[in-house]
Structure formats: structure tokens, C-alpha cells
Amino acid sequence: MSLLNSILEQLINGLRTGSIYALIAIGYTMVYGIAKMINFAHGDIIMVGAYALYVYSSILKLPLVAAIILTVVTCSVLGIITEKIAYKPLRNAPSLAVLITAIGMSFLLQNVALLIFKATPIPFASVVNVSGIRLGSLYLSGTTLVTLGVTVIAMVALTLFVNKTKAGRAMRAVSEDRGAAELMGISVNATISLTFAIGSGLAAVAGILYISQYETLMPTLGALPGIKAFVAAVLGGIGSIPGAMFGGIILGIIESLSKAYISTQLSDAIVYGVLVVVLLVKPSGLLGKLKIEKV
Amino acid sequence: MKKFGKFMVSAVAATLVVSSLTGCGSKEDETEAPTETSAETDDASVETNEEETTTSGETAEFLIGGTGPLTGPNASYGTSVKQGAEIAIQEINNAGGVTVGDTTYTLALAFEDDEATEDKAIQAYNTLMDQGIQVLMGGTTSGATIAITDLTAEDGILQITPSGSAPECIQYDNAFRICFSDPEQGTAMADYAVDVLGYTKVAVIYDNASDYSAGIAEAFEEEIAAKGGEVVASESFTTGDTDFNTQLTKIKGTDAEVIFIPAYYQDVTYITKQASDMGMELPFIGSDGWDGVLATVSDPATVEGAIFASPFCAAVDDPNVVAFVEAYEAAYSATPDQFAADAYDAIYTIKAAMEQAGSTESEDLIAAMTEITVNGLTGESITFSAEGAPNKEIKYVEIKDGQYQYVEE
């Protein structure tokens, strides 16, 4: 019983970490699908989300719901502004230039946070006040329940939005063929802005969940989950939204199980090893579609 | 071969020139610090007037060298050591200095940055010797301290490291240490857990990328086994990790009665919070790295009841500690940590050795080291063994009602 129980608990740990990776990975994958660029500043949006929540709820003492909504809005607006300032002028530039700009943006966000909030970690109590539940010998903490719940809701809502609404259809059209979409009367600029807004909004949600779990604010807190989520997006097939969700959760579970049953030190190596194997066997990722580059 | 030899000679010569140049450069950079200015200017006068002053029974200056990282990722350690030593020196000088025979010495500190690296430590030590230091209070980190022990032993100078906790730091007869060694701390915590707290099944979470954490954990596990207890889980992590759910889940599946975490306070913050999230109610014990944890936890209840070994705790209500903390905060607007307290005690140890020896020669000071008793911040009645290890009571701090408190013996 004990072994089964412990495996189940490790699976839940993996599911919780994986949910956060998945929420972040969606942002990477959506932006890649539409703007054909890797937005390396995306991880730092999580950090901005965590600090924004701290400012709204802890410093300005706003009610929790207002603070959460404002946090998501702040990150969405930040996402749009980043795109307008840093990426839009480079839309026809070589992809290397865009990549380096994204890395520069990431450093900018981190260092602005460092300037404002200083390097000393700030303790910030979890905003999640849900008590855990006990299922037999399994214990699910409040944070876990909320994390899983919010992730499922966000994923269902996003899937419905992309598949059932006009704006969602416009997004898919732009990602398929930007030129043709423009000729069909779709505003490419508005669609790209919307994509950045949604991706950054989800990153804000991930930031809120992340900070509820770890309770320590640091200017670099977004870097590692950002990289892991990027790996998750590639694993699932970059450009594919279900792929990002799936990739994130798989990554979280592999990480948790290898830490628990193989080695704490090797867990990252195993995660990246799985990525290498998947890419060797299926270069477009688990759920990605292989596209033939037209010359 | 001959050519190579020639090349080596010129390379060494070039290095020497460069190092002496950089030595001068850094000296000039640092002349803004008041203590160092005085150390340098008076240094010459000590040399020239020594005979005169000792015979006339007037005052003279005693120059103490210090090394430690003032820049780089470990800068906080060296800064604390330098500042803690400065507080002690100021106190001693304000109280009239150190009387040895007919002469009253005022103390001065010359501190060189070693960036916690071996090669910089050797450079820093050579620079200090050129300035004419009479004893060395350093290094601050274990690796850098070990790098200069050969040189100090050769020069026969008294070396007291405030915080080099690796056993090799005091391998020669001229070297002494103020802090506990890592294995000592692990052993002491194991004894405490079994003998005083009565636990027999323990779990350990340690950072295996840190010599400090791994060193304590290893000694702890050995001692627990020797005491007839059982280590039911030994989980490791890597410096910078934030997620400990996996390790905690594994411990949860065992029948551990207590969790031992030999780590720094930021790691402890994550571990204790995640344990409480998982509904774990096991008590925690820890190492001196726990000092500072109350400032980083969001809810003190997560560490309530935890007990850790600590040579020094700034928040403890002890008159000597309070006076030191006040002086330190007034001078540097920062709370002193154990590194500052170790350095403070190191300076008082040097003072005691001077008084006991009745001399300022290192040879006499080293001989006097085993005869002195120092009442310091990090321990009452500290004595030193000929091997260089301090003999002091290890203190335990308990977190009670969200406050640090020494455990009543």
C-alpha cells in the first residue's frame, strides 16, 4: 500500500508542477505559432505576475479578487507593450535578431525588478486559503487543488476560445498563413496583440499559482520555470496548444518520478534526455505537425 | 627543458610584478576606509619606532591582517568578518587598547579581498605580509583558508580563522579556528537529537552541492548510527532548488520522527513551507545556517518548535549580544550574522593571547593560545586545543512563539 500510495503522491506532485509548466508553455507555443518567434521574456512575465500580485494585495491591500484580476490585466498589457516596442519593429528582421531582442527583454524585466524590489527575497504568504482534503491515505493540499482546478478551467476556456470564437479562428488563420489571413481581412497586428495578451495573462495565472506554492519573491523566479516550460512546449510540439498542455504535464511527472525513484541530481538530465529522444524520434514534438518548409 | 625553465622564471617574475602592482592598486583604492588608512600610515612608524616605544613604555600599534571575500558571490561573508572585526577593534581601542608589558598597543586592521578563491588568497596574504601584519585573522572561507595555511606555517605567524570550518584549515600548529567544524556540528546535532530529544528514527534533507551541508549531513548520519538510531531517509537536493515536494513525499512514506536539515535559511524556508502544505507535522532540527529563517518565512508557524545549533544568534536577548548588535547596526545599518560574531571573537582571542604571552611575537602568541580563556559572543569560556580547535559549548536555539530563544540547558 505504502509504495502505491507514495507513487500516487509523487504523481500528484508532478501533476501540480506540470500544470504550472503547461500554463506557461501555452504562452510560448501560441506566440511561436503566430509570430514565429521564441519569446524568451515569457518566463519573466511570471515573475512580474508574482510581484504584481504582491503589490496589489500586500502593499495596496486590495481585495483578493480585484488583485488577481489586476495582476492578469497588468501582465496582459505588459505582453502587448513588449510586443509593440520590442518585437513589432523586427517583424521582417532575421529571426536571430528577434531572438536576441527577446533575451534582452528578459534581462530588462529582471533588472527592473531587481532595481525596484532589490535582490533580497521577499516572503509573501499564499493567497490561496483553501484547506486540503484527505482521500483515504492520500492528502491533497489546498494549493494543489486550486492549481489543478485553475489549470483545467484555463485550458478548457482557451480551447473553446481558439476553436469556437471568431477571434480564435483569426488566430488559427494567422498562424497558418499570415499573408493569406491578411488578404482575407484579418487584422494581423490586432491578432498578434491578442495572442501576446492571452499568453501573458496565462503567465500571470501561472505566476500567481507559483508564488502561492513557493511563497518567496525573487527577481529571477521566472527564469527556471520559463526554461522548463519552453522545453515542455518543444516536447509537446511547438505551435500546438494541446501539445503544450500535454508536454507541460508530462514534463512535471517525469521530473517528479525521476527525482523520487532515480536520483535528485539526475532528474534534470533525465528530463532533457527525454526531450532529446523525443526530438530524435519525432522532430516536430509529440503532438506537433511536421511542416515541410517551402523554399 | 632549459628554455621552458627560463620561460617559467620570466613568467613568475612577470606575475610577481603584476601582483605587486595590483596589490598597490587595491591598496590605493581602499585608502578611503578609515581603519586601513591608519593601518598603513602607522605601519611604518611601528617599524621604525618599535625599539624606542617599547623601552619608553609609551603606545604602539599592533597590526592585524585579515582576508576574506569582499567582492564576488560570497562577498557577504568577508564583509561580515571585516565589519565584525572592526567593531571589536574599535571597542578595544576605545577601552584603552591592549597592554603588553610596559607598552599599550592600539589595534589596527588591514583587510585584503580574496574573492574566496585560492590564488587571490595567496596574493592577499602576500600583500598583507608586505604591509607588516603581526598576526593573521583569516581566511573567511574554507578553500581560501586552506590555500594560505602552508604560507602562514612557513612564516610562523599566528593564524586564526573566524569561519573556515573545514578540518584542513587548522592542520598546522600556528593555525586556530573560532567556529565549529562541519563534522563537529553534525555530530553535536546527532547527539542532541538522540540524547536530549529522544529521537531514534530520523530523516535528513541536505544540499549535496555544498561542502557545508554535505559535511554536516555525513557526520550526523554516522553519529546517529553510532548512537543506535536509524536514518530512515537521506534525501539530497542541489543549491538553488525551490521544489522539495518529492523529497518530502518520500520522507512522509517513512516512519521518521524528525527531519534534520543542515542547510541555509532560504532552502529551509522552502522545505518547511512545503512540508506544512503537505500536512506533515514532523518536527525539524537544523544547523547554524538556519539563522535568519524567521525573516524569510511567510508564516512563522511553519518553523515553530524547530531547534538548531547556532554559535551566534543576533535576535537573542543576551546583554553582550545586544550591545554588539546595536554597535554593528549603528555602524553598518545591517544585522550581524555569525561570521561577524566569529570575527569579533577572533579579535578578542588575539587580545587575550597578547596579554597572556606578554609579547607580540607570533611564536609567543601561538604558545599562549592554549593557555587562554575567552568569553565571546559565540561561546562562554572558549579555550583552544593544541590542534587549533576551539573548545566551547555548542548552543541550541529554539524557535518559540515566532522568536529565537536559546534552549535552556
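A.B. asks: Just to check I follow, could you spell out the overall build of chain B for this structure?
C.D. replies: What chain B contains, in helices and strands, is 13 helices and 15 strands. The burial tally for chain B puts 49% of its 409 residues in the buried class. Residue pairs in contact within chain B that sit at least 24 positions apart in sequence constitute 64% of those at least 6 positions apart.

A.B. asks: Would you explain the interface of chain B and chain A in this entry?
C.D. replies: When the parts of a complex come together, some accessible area is lost, and that lost area is often used as the size of the interface. Taken together, the contact between chain B and chain A spans 23 residues of the former and 22 residues of the latter. Those elements giving two or more residues to the side of chain B that touches chain A turn out to be β8 (230-237), α8 (245-252) and α9 (265-277) of chain B. Split by residue class, the side of chain B that touches chain A holds four nonpolar, 13 polar and six charged.

A.B. asks: I keep staring at the sheet that holds strand β10 (residues 284-286) of chain B and nothing clicks. Help me out?
C.D. replies: Sheet strands associate in pairs through backbone hydrogen bonding, adopting either a parallel or an antiparallel arrangement. All names here are of chain B. Pairing is mixed across the open sheet formed by seven strands, whose spatial order is β8-β7-β9-β10-β11-β14-β15. Each having just a single partner strand, β8 and β15 (403-406) make up the two edges of the open sheet. Going from strand to strand, the sheet's axes swing by 25° on average, the running direction of each strand aside. Sheet topology places strand β7 (residues 201-207) next to β8; seven bridges connect them, and they run parallel. Across the sheet, Y206 pairs through a bridge with S236, a residue of β8. The sheet strands contacting helix α7 (residues 211-226) are β7, β8 and β9 (258-261), and the helix crosses β7 at an angle near 165°.

A.B. asks: What am I meant to see in the domain arrangement of chain B here?
C.D. replies: On domain assignment, one finds that chain B holds domain 1 (33-180 + 321-391) and domain 2 (183-310). Of the residues in the side of domain 1 of chain B that touches domain 2 of chain B, the class split is two nonpolar, three polar and one charged.

A.B. asks: Please explain the sheet that holds strand β2 (residues 98-100) of chain B as it appears in this structure.
C.D. replies: All names here are of chain B. An order of β2-β3-β1-β4-β5-β6 is seen for the six strands of this open sheet, with the pairing classed as mixed. Looking at strand neighbours, the two that pair on one side only are β2 and β6 (175-177), the edges of this open sheet. Each neighbouring strand pair of the sheet contributes to a mean axis angle of 30°, computed without reference to strand direction. As paired strands, strand β5 (residues 159-161) and β6 are joined by three bridges and run parallel to one another. When the sheet's bridge partners are listed, Q159 is paired in β6 with A175. Taken strand by strand, helix α3 (residues 75-94) contacts β1 (59-68), β2, β3 (103-113) and β4 (135-137), and its axis lies near 165° from that of β3. Against the sheet, helix α4 (residues 118-130) engages β1, β3 and β4, with an angle of about 150° to β3.

A.B. asks: Is there a simple way to think about the packing of helix α2 (residues 42-59) of chain A against helix α9 (residues 223-236) of chain A in this case?
C.D. replies: Working note: a packed helix pair is described by the angle between its axes plus the distance between those axes. Residue and element names in this part refer to chain A. Contact pair α2 / α9: the axes reach a minimum separation of 8 Å and the direction vectors enclose 140°. Judged on the interaxial angle alone, α9 and α2 are oblique. Here α2 and α9 pass one another in a crossing that is right-handed. The segment α2 lies against α9, with H42, G43, D44 and I46 engaging A223, P225, G226 and I227.

A.B. asks: Explain the environment of A:A197 to me, please; I cannot follow it from the model alone.
C.D. replies: All names here are of chain A. Among the secondary structure elements, A197 is positioned in helix α8 (residues 188-214). Along the sequence, A197 and I81 sit 116 residues apart, while their C-alpha atoms lie 9.3 Å from each other. Not counting the four nearest positions on each side in its chain, A197 is found in contact with S76, G79 and I80.

A.B. asks: Even after reading the chapter, I still don't get the pairing of strand β14 (residues 396-400) of chain B, so can you show me in this structure?
C.D. replies: Successive residues of a regular strand alternate their side chains across the two faces of the sheet. Residue and element names in this part refer to chain B. Taken together, the three bridges between strand β11 (residues 307-309) and β14 define a ladder with antiparallel strand orientation. When the bridges of β14 are listed, A309 appears paired with Y396. Note: β14 against β15, four bridges, orientation antiparallel. Following the sheet pairing, V397 is matched in β15 by Y406.

A.B. asks: Help me out: how do you make sense of the confidence of the model for chain B in this one?
C.D. replies: Reading predicted coordinates in detail is not appropriate for stretches of low pLDDT. All names here are of chain B. Here chain B averages 84 in pLDDT, while 85% of its residues score no lower than 70. For the stretch residues 14-56, pLDDT sits under 50, and the model shows 34 contacts to residues farther than four places along the chain or on other chains. The complex model carries a pTM of 0.74, and its ipTM stands at 0.78.

A.B. asks: What should I look at first to understand the packing of helix α1 (residues 2-35) of chain A against helix α5 (residues 142-164) of chain A in this one?
C.D. replies: Residue and element names in this part refer to chain A. Close contact between α1 and α5 brings their axes to 10 Å; oriented N to C, the two are set at 35°. Regarding α1 and α5, the two cross each other, and that crossing is left-handed. For the pair formed by α1 and α5, the contact residues are I12, L15, R16, S19, I20, A22, L23 and I26 on the first element and T144, T147, L148, T151, A154 and L158 on the second. Looking at side-chain class alone, the contact of α1 with α5 contains nine nonpolar, four polar and one charged residues.

A.B. asks: Looking at this structure, I do not really get unusual backbone geometry. What am I missing?
C.D. replies: Looking along the chain, the bond that leaves B:G138 and enters B:G139 is cis, with omega of -10°. Among the structural elements, B:G139 can be located in the loop between β4 and α5 (142-155). Not every positive phi belongs to a glycine, and A:K61 is a case in point at roughly 55°. Structurally, A:K61 is set in the loop between α2 and α3 (64-87). The backbone of B:A116 shows a phi angle near 60°, a positive value even though the residue is not glycine. Mapped onto the elements of the fold, B:A116 is located in the loop between β3 and α4.

About the criteria used
- Residues numbered from 1 in each chain as written.
- Chains lettered and ligands numbered in written order.
- Predicted model: local features only at pLDDT ≥ 70, side-chain atom pairs only at ≥ 80, totals over all residues.
- Helix = DSSP H or I, 4+ residues; strand = E, 2+ residues; numbered from the N terminus.
- Buried ≥ 20, exposed ≤ 12 C-beta atoms within 10 Å, placed from the backbone.
- Contact = placed C-beta atoms within 7 Å.
- Nonpolar A, V, L, I, M, F, W, Y, C, P; charged D, E, K, R; others polar.
- Pairing = 2+ DSSP bridges.
- Axes fitted to C-alpha atoms, helices over the stretch in contact; angles between N-to-C directions.
- Domains from an automatic or database assignment.
- Parallel < 35°, antiparallel > 145°, perpendicular 65-115°, else oblique.
- Left-handed = near helix turned anticlockwise from the far one by under 90°.
- pLDDT = per-residue confidence, 0-100.

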